[in-house]
Amino acid sequence: MRGSTVLPGTPCAAPRAGDPPVHRLELRLPDDVPFAAGSFDAVGPLSRAAFPHRHTFYEIVHVTAGTGTHVVDLARWELRPPHLAVIVPGQVHHWEDAHGLDGTVVLFTEDFLLDHPGDRDLLRRLGERPWLTLDGPTHARTAGLMAELAEEYGHGAAGFATVLRSLLRVLLVRTARLPGPEAARTAGAPAGRFAAVAGEFARLITPAGAEYRSVRECAERIGVTPGYLTEAVRAATGRTPGALLREARTREAQRLLVGTGLTIRQVAARVGFDDAAYFCRFFRRETGHSPGDFRKHHDRRVPSLEVDGPRP
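The structure presented is a predicted model; accordingly, all values stated were derived computationally and were not measured.

### Looking at the overall build of the chain
Each helix and strand in the chain was counted, giving twelve helices and ten strands. Per-residue burial over the chain gives 48% buried out of 312 residues. Restricting to contacts in the chain with at least 6 residues of sequence separation, those with at least 24 account for 70%. A total of about 15100 Å² of accessible surface is found on the chain, and carbon and sulfur atoms cover 53% of it.

Right, here's the structure in full:
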């Protein structure tokens, strides 16, 4: 994953207006390993980020305390610790209304782990298990492994990279064995496959995959039929891909209208509408307000703009 690590203080390219920021993994030294582990406090305030963002690296979080919600792509997971959360590169996530959040965080890039043929498939399967509620024995074993990873990383003794890889692989293999969330289960179909398809669909309809504008386009990109995509997404979320796609486009349009100075025509283009007038009808149907009225009501710093009006 080239470009996924930087030295502290290295500036990152600013995202396009309205896009979530992308976090890269900082290295303590130029020859350091692309890995970090420690408590939320040790890793830093961004480990509790309350704003949507994505990573170029993997993040595994052992949540031991706290209340609130963890939002990953389309899924919302209520905090009832202990949990194990897995965030893969490219996913958009944030912590919402989190209070007393505590636990251990492990960060690593794909190239840190990939030295065995099965590692890539192991990482793929991890993406199918984004949120795991742990029973007592599993929680204890996980806590032990996470503590060892944090301690080994903190000491940085001779050969620590080898030890980190070994401990990390044990953690990942054991995590991949755990059953996924019940919401992903549907009679007659493997839960993992449905969860994987639903997760890929969720990533496609984030701003990073905004070129996919229809359910059929998304299905073709994933490599399944529209019917199978509908079945998988409905099993994972209880909703149809079409409804989620409309919701994602509406949410992105709202964010652009409130958080940027883009004209309404520019906002329409950014969310996939060539015709600004059609976008206005779509937006009114989904929200009950015109784009201009929505902007005026929610952000008084930005004046109401005409469809062809200039940027302020």
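This is not the end of the story, as more comes after the structure.
### A word on the pattern of salt bridges
Applying the stated criterion across every chain yields a total of six salt bridges. Linking Glu96 and Arg76 is a salt bridge whose minimum nitrogen-to-oxygen distance equals 2.4 Å. Of the two residues, Glu96 is situated in strand S9 (residues 92-108) and Arg76 in strand S7 (residues 75-78); the sequence distance between them amounts to 20 residues. Measuring nitrogen to oxygen at the nearest pair gives 3.8 Å for the salt bridge that ties Glu286 to Arg246. Taken as a pair, Glu286 in helix H11 (residues 276-287) and Arg246 in helix H9 (residues 241-259) lie far apart in primary sequence, 40 residues in all.

### Observations regarding the packing of helix H4 (residues 136-155) against helix H5 (residues 160-177)
Interhelical geometry of H4 versus H5 gives an angle of 160° and a closest axis separation of 10 Å. Judged on the interaxial angle alone, H5 and H4 are roughly antiparallel. Seen along the crossing, H4 lies across H5 with a hand that is left-handed. Residues Arg141, Thr142, Leu145, Met146, Glu148, Leu149, Glu152 and Tyr153 of H4 touch H5, and the partners they reach there are Phe160, Val163, Leu164, Leu167, Leu168, Val170, Leu171 and Arg174. Across the contact of H4 with H5, the residue classes tally to eleven nonpolar, one polar and four charged.

### Re the environment of Arg54
Position of Arg54 relative to the elements: it lies in strand S5 (residues 53-55). The spatial distance from the C-alpha of Arg54 to the C-alpha of Arg24 is 9.0 Å, given a sequence separation of 30 residues.

### What to know about unusual backbone geometry
Here Pro81 and Pro82 are connected by a cis peptide whose omega angle stands at 5°. Within the secondary structure, Pro82 sits in the loop between S7 and strand S8 (83-87). One non-glycine residue with positive phi stands out, namely Asp97, at about 50°. Here Asp97 is to be found in strand S9. A relative accessible area of 60% places Asp97 in the exposed class.

### Quick word on the packing of aromatic side chains
Using the criterion set out here, one finds ten aromatic pairs in the structure. Here Phe273 and Tyr278 contribute two aromatic rings whose centre-to-centre distance is 5.6 Å and whose plane-to-plane angle is 50°, an arrangement assigned as tilted. The class for Tyr278 is partly exposed, based on a relative accessible area of 38%. Across from the ring centre of Phe273, 4.2 Å away, lies the NZ or CZ of Arg249, which sits over that ring. Of note, Arg249 hangs over the ring of Phe282, and the distance from its end group to the ring centre comes to 6.0 Å.

Rules and cut-offs
Residues numbered from 1 in each chain as written. Predicted model: local features only at pLDDT ≥ 70, side-chain atom pairs only at ≥ 80, totals over all residues. Heavy atoms only, no water. Helix = DSSP H or I, 4+ residues; strand = E, 2+ residues; numbered from the N terminus. Buried < 20%, exposed > 50% of the residue type's maximum accessible area, 1.4 Å probe, protein only. Contact = heavy atoms within 4.5 Å. Areas by Shrake-Rupley, 256 points an atom, 1.4 Å probe, with all protein chains shown as cover. Salt bridge = Lys/Arg side-chain N within 4 Å of Asp/Glu carboxyl O. Axes fitted to C-alpha atoms, helices over the stretch in contact; angles between N-to-C directions. Parallel < 35°, antiparallel > 145°, perpendicular 65-115°, else oblique. Left-handed = near helix turned anticlockwise from the far one by under 90°. Nonpolar A, V, L, I, M, F, W, Y, C, P; charged D, E, K, R; others polar. Phe/Tyr/Trp six-rings, centres within 6.5 Å; stacked < 30°, edge-to-face > 60°. Lys NZ or Arg CZ within 6 Å of the ring centre and 35° of its normal.

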